[in-house]
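Breakdown of the fold
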Amino acid sequence: MISRRTITALRRAPLHRCLSSRASTVLSAFGLSSGKELSGVYDGEWSGSGEVLESVCPTTGEVLARVKTATPVELQRALERSREAFKVFRNVPAPKRGEILRQIREALATKREALGALVSLEMGKIRTEGVGEVQEFIDIADYGVGLSRMMIGRAIASERPGHSILEVPNPLGVVAVLSAFNFPVAVYGWNLALSLAAGNATIWKPAPSTPLCSIAVTKIISSVLERNGVPGAVAGLVTGGTDVGAGVVESKLVDMVSFTGSEAVGRQVGTVVQSRFGKVLLELGGNNAAIVMPDADLDMAVPSVFFGAVGTAGQRCTSTRRLYLHSSIVQAFLSRLESLYQTVRPGDPLDSATLLGPLHTRRAMDVYHSAIDRLLKSGAEILTGGAAYRDLPAPLDGGNFVMPTIAIPQSVDVADPIWSTETFAPVLCVGVFDELEQAIEWNNGVPQGLSSSLWTRDIRNVGKWIGPAGSDAGIVNVNVGTSGAEIGAAFGGNKSTGWGRESGGDAWKQYVRWSACTLNFSDAAPLAQGVQFSNAA
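Starting from 1, residues in each chain are numbered consecutively following that chain's sequence as written. Predicted model: local features are reported for residues with pLDDT of at least 70 only, side-chain atom pairs are reported and counted for 80 or more only, and whole-chain, interface and lining totals are derived from all residues. With hydrogens and water excluded, all non-hydrogen atoms of the structure serve as input to the side-chain values.

A separate point is the pairing of strand 9 (residues 201-205). Burial within strand 9 is extensive, with five of its five residues counted as buried. Of the two faces of strand 9, the one holding A201, I203 and K205 and the one holding T202 and W204 are both buried throughout. Being paired, for any two strands, means DSSP has found at least two bridges between them. To qualify as a helix, a DSSP run of H or I must reach at least 4 residues; to qualify as a strand, a run of E must reach at least 2; elements of each kind are numbered from the N terminus. Strand direction decides the pairing type here: strand 8 (residues 174-178) and strand 9, joined by five bridges, are parallel. Bridge pairing in strand 9 places V174 opposite A201. Assessed by its sense of winding, the connection that carries the chain from strand 8 through helix 7 (residues 186-198) to strand 9 is right-handed. With three bridges joining them, strand 9 and strand 10 (residues 235-238) adopt parallel strand pairing. Of the residues in strand 10, the one forming a bridge with I203 is G236. Considered for its hand, the β-α-β crossover made up of strand 9, helix 8 (residues 211-227) and strand 10 is right-handed. Only protein chains enter the area calculation, which uses a 1.4 Å probe; residues under 20% of their type maximum are buried, those over 50% are exposed, and those in between are partly exposed. Seen with its strands pointing away from the viewer, a crossover is right-handed when the path leading from the first strand over the helix to the second is clockwise.

Salt bridges are defined by distance alone: a side-chain nitrogen of Lys or Arg within 4 Å of a carboxyl oxygen of Asp or Glu. Taken as a whole, this structure holds 21 salt bridges when the rule is applied. Residue K464 is joined to E437 by a salt bridge in which the shortest nitrogen-to-oxygen separation is 2.8 Å. Residue K464 is located in helix 16 (residues 459-466), and its partner E437 is located in helix 15 (residues 436-444); the two are separated by 27 residues in the primary sequence. K464 gets classed as partly exposed once you look at its relative accessible area, which sits at 40%. Several salt bridges share partner residues, and in doing so they unite D43, E45, R77 and R81 into one network.

Right, let's get into the sheet that holds strand 1 (residues 38-39). Spatial ordering of the open sheet is given by 1-5-4, a layout of three strands whose pairing is mixed. Since the sheet does not close on itself, it has two edges, and those belong to strand 1 and strand 4 (52-56), each with one partner. Its contacts with the sheet place helix 8 against strand 1, strand 4 and strand 5 (63-68), and it is angled at close to 65° to strand 5. Any two residues whose heavy atoms approach within 4.5 Å at even a single point are treated as in contact. An axis is simply a line fitted to the C-alpha atoms; with a helix, the fit covers only the stretch in contact. Between two such axes, the angle follows the N-to-C directions and lies from 0 to 180 degrees.

Where helix 6 (residues 127-147) meets helix 7, the closest approach of the two axes is 8 Å, and the angle between their N-to-C directions is 10°. As judged from the angle between their axes, helix 6 and helix 7 are roughly parallel. Two secondary-structure elements touch here, helix 6 through E133, E136, F137, I140, A141, Y143, G144 and L147 and helix 7 through A186, Y188, G189, W190, L192, A193, L194 and A197. We call Asp, Glu, Lys and Arg charged. Ala, Val, Leu, Ile, Met, Phe, Trp, Tyr, Cys and Pro are nonpolar, and the rest, Gly among them, are polar. Partitioning the contact of helix 6 with helix 7 into residue classes produces twelve nonpolar, two polar and two charged. Orientation is classified from the angle alone, with under 35 degrees giving roughly parallel, over 145 giving roughly antiparallel, 65 to 115 giving roughly perpendicular, and any other angle giving oblique.

Quick look at the structure:
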């Protein structure tokens, strides 16, 4: 009989004996050993003695590493150190903060390929997308460098003689970033770059299934902070599960919470943060539609819809989930799109020839199968896909691979869960319309409002689409797919997507504390609006 001590030892045995060479090579670039438990808390020092998380490779099913998460005591200490770090960092001149961001950008660039490979290994997206995600962080760091010299307020004319009014931005405080598994590097980068430029401290609680990406990124950033004499807790890290996330969200030491995830959890986060009068930025579900008009250039539209629906195995918040085709082009479009789908083969995301990686978890596979079952029960036609891949060669046979699916429901009813529910998997539902106004109504009829796309060469259609009676999404594209936003414009959605804005544009204004300052440099103190408050005759 095996003793309990032996069982415990086996459970905690080093992983490197069975870890594949593909995985060990990627991890070694960041000094991440699979043979010991890794510390998952950083607040100027590395620690972690809480629950142990396992990072599981979605491609093979192998355990990549074990990470020690934050205990309640360690979480509280990290939050307190973030607060103290903010008190130091807020006094650093903004251009100097920009210089630190520039160094972070350079440090990330030297690790771009390696970090992109780690994203592919742990999250499952293909290599080019993993590297592209790291490039997003590099780009937003570039943006933050310039922003550090341009976070300006305004001077406003006063109605009172000898007075001026200033609108002044100042550092906000501690910004907590709760990021999702599908962009384990970029979403944190969007927030960190703006937060650092604004003079805040940031504490990161990543998805529990992608702790290795967060540890690797934090190692890169902490080395830059250390070289510049900046407290490490300016960019802290706390890994863990729901209890750690709840502790961050509930803490009054946190001035702003940026949450990326599901609508259900986002609703809870928003309620908790607002109940304590904190600021909240929500990036939630996307149930994105592409509309294709009869005058569209199909040589552009078909490949773009293909990427939007199949890229990242349908696990982008901007993935194309609904496709509305004009009745005159249905057959031509679907024939070409189905042909592209037939070329897709599952493979190792680290292989540059692979276009389709795995779903991130077994639970995601359950979501996929539930969506397919719902479609079949409704009488929808499955044009292609509709099942998990079987009999894949080792080591892919341990992965979470499903077939990208095109489904044609019997009708379009945006109140039906088939159309109104975001399925975080490569499932594309197709509807047919005759008039653009009908397609816009369908586009706007779902609860979510993140991204949308119209394919046309008629300027009149463009005017309707981007105008007051057009798409109500936060991203309204023309002859561009729903996926693949650049960092220069603010990123975010409306309605149940949460109304949050990250990355470029005016998104930085959420990361500062605004004050209206009236300055009197005259010899009198008149009241506004001509009010008189005196006993004098």
